[in-house]
Amino acid sequence: MPINQLSLPAFLELCNTNICYNLIVDIETGPKTPEYIETFFNANDEWTEERTTKEKAKFVEKSPLKAHLSNILAIGYGYYTECALTVAIDTNDGTDTESTDEHEGRMTARFWTLYHRVISARSRLIGFNSDHFDLPYLQRKAWIHAVKTQPLITKYGKTPDFCFDLHKEWKAGVWGYDDSISLNNLCRALGVQGKLPGVSGANFHTLYQTEREKALEYLRSDIAATARAAIRMGYIR
């Protein structure tokens, strides 16, 4: 599968079309400052000091998954049509809390612009675990930054029909722990190339600060792996 890279402005223009395409999305996040996160932590009066310390550490550790406790560091996009994948990355280049939040607001607005373009072009939005994480997270960020959006959840309690979450599709209607699978394992099961080895979403925010290009290469590989899996599963048309 040929993979091309575009600047973000050129990618946004590429998606401004009435031609049917597939938009692949993946977000990477990182925690806000510990001082800020801890203001949301509520200790139980019955906990010992040791228990409180442990629970606070767990709360901080999970913060990158919470929209109000973390920031978007990068959004990976893939545009697939005519047997070729074009990839672009939207990065958060903030240098302090205020500028990081400002960058994040613009990133959130750009995502929802693309979301609306997918609707207009009658295209598809594809991700991995996107119904559970990426899309709800971006909906919450839209509320935080006062970005206008289309309703994410339909009256039937699910994402719109043009949104395809490969993790959910793999479950094939069966819900249980044993039916869960990682993107790399899904790719392995399908016989297609997976993500960049040695990096995971859990340590992305650390790598983003120390080896940014490697972190972004991981995100590009995530988009490509999702595209390959979607093709094999028949969700890319």
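Draft legend 1. Highlighting the overall build of the chain. Tallying secondary structure elements over the chain gives nine helices and six strands in all. In terms of overall size, the chain behaves like a compact globule, its C-alpha atoms giving a radius of gyration of 18 Å where 237 residues would be expected to give roughly 18 Å. Along the three orthogonal principal directions, the C-alpha set of the chain runs to about 60 × 40 × 40 Å. With 237 residues in all, the chain has 47% of them scored as buried. Split by element, the accessible area of the chain, about 12,600 Å² in all, is 51% carbon and sulfur. Charged side chains in the chain number 27 positive and 30 negative. The centres of these two groups are separated by 7 Å.

Draft legend 2. How the structure looks around the pairing of strand β3 (residues 70-81). Summarising burial for β3: twelve of the twelve residues are buried, a large majority. Strand direction decides the pairing type here: strand β2 (residues 22-31) and β3, joined by ten bridges, are antiparallel. The residue of β3 that forms the bridge with N22 is Y80. Relative to strand β4 (residues 84-91), β3 is paired through eight bridges, and the arrangement is antiparallel. Along β4, the bridge assignment pairs T81 with A84. Taking the residues between adjacent antiparallel strands as the criterion, β3 and β4 are bridged by two residues, where E82 takes a positive phi near 55°.

Draft legend 3. Summary view of the side chain of H167. By secondary structure assignment, the location of H167 is in helix α6 (residues 166-171). H167 gets classed as buried once you look at its relative accessible area, which sits at 11%. Here the side chain of H167 touches S180 through a polar contact of 3.2 Å, side chain to side chain.

Draft legend 4. Representation of the pairing of strand β5 (residues 124-127) within the structure. Of the two faces of β5, the one lined by R124 and I126 and the one lined by L125 and G127 are each fully buried. Judged from the three bridges that link them, β2 and β5 form a sheet pairing that is parallel. When the sheet's bridge partners are listed, L23 is paired in β5 with L125. Pairing of β5 with strand β6 (residues 163-165), which is carried by three bridges, proceeds in the parallel orientation. Directly across from G127, in β6, lies its bridge partner D165. Regarding topology, helix α5 (residues 130-144) serves as the crossover connection from β5 to the parallel β6, and that connection is right-handed.

Draft legend 5. Looking closely at helix α9 (residues 212-233). Over its 22 residues, α9 extends 32 Å from the first C-alpha to the last, a length consistent with the 32 Å expected when each residue adds 1.5 Å. Just downstream of α9, G234 is the residue with a positive phi angle, here 85°.

Draft legend 6. Here's a closer look at the environment of L125. Along the chain, the position of L125 falls in strand β5. Along the chain, L125 and H103 lie 22 residues apart, while their C-alpha atoms are 23 Å from each other. With residues up to four places along the chain from it excluded, the contact list for L125 reads L23, V25, F111, Y115, V118, L135, F162, C163 and F164.

Draft legend 7. Quick look at a nonpolar patch on the surface. A cluster of nonpolar residues, M1, I3 and I231, forms a patch on the protein surface that exposes about 240 Å² of accessible area. Relative to the elements of secondary structure, M1 occurs in the segment before β1 (3-5).

Calculation criteria
Residues numbered from 1 in each chain as written. Predicted model: local features only at pLDDT ≥ 70, side-chain atom pairs only at ≥ 80, totals over all residues. Heavy atoms only, no water. Helix = DSSP H or I, 4+ residues; strand = E, 2+ residues; numbered from the N terminus. Rg over C-alpha atoms; globule rule 2.2 N^0.38 Å. Buried < 20%, exposed > 50% of the residue type's maximum accessible area, 1.4 Å probe, protein only. Areas by Shrake-Rupley, 256 points an atom, 1.4 Å probe, with all protein chains shown as cover. Lys, Arg positive; Asp, Glu negative; His and termini not counted. Charge placed at Lys NZ, Arg CZ, Asp CG, Glu CD. Pairing = 2+ DSSP bridges. Polar contact = N/O pair within 3.5 Å; in protein donor to acceptor, adjacent residues only side chain to side chain. Right-handed = clockwise from strand over helix to strand, strands pointing away. Expected span 1.5 Å × (residues − 1). Contact = heavy atoms within 4.5 Å. Patch = residues over 30% accessible without salt bridge, like charges linked within 9 Å, V, L, I, M, F, W, Y side chains within 5 Å. Salt bridge = Lys/Arg side-chain N within 4 Å of Asp/Glu carboxyl O.

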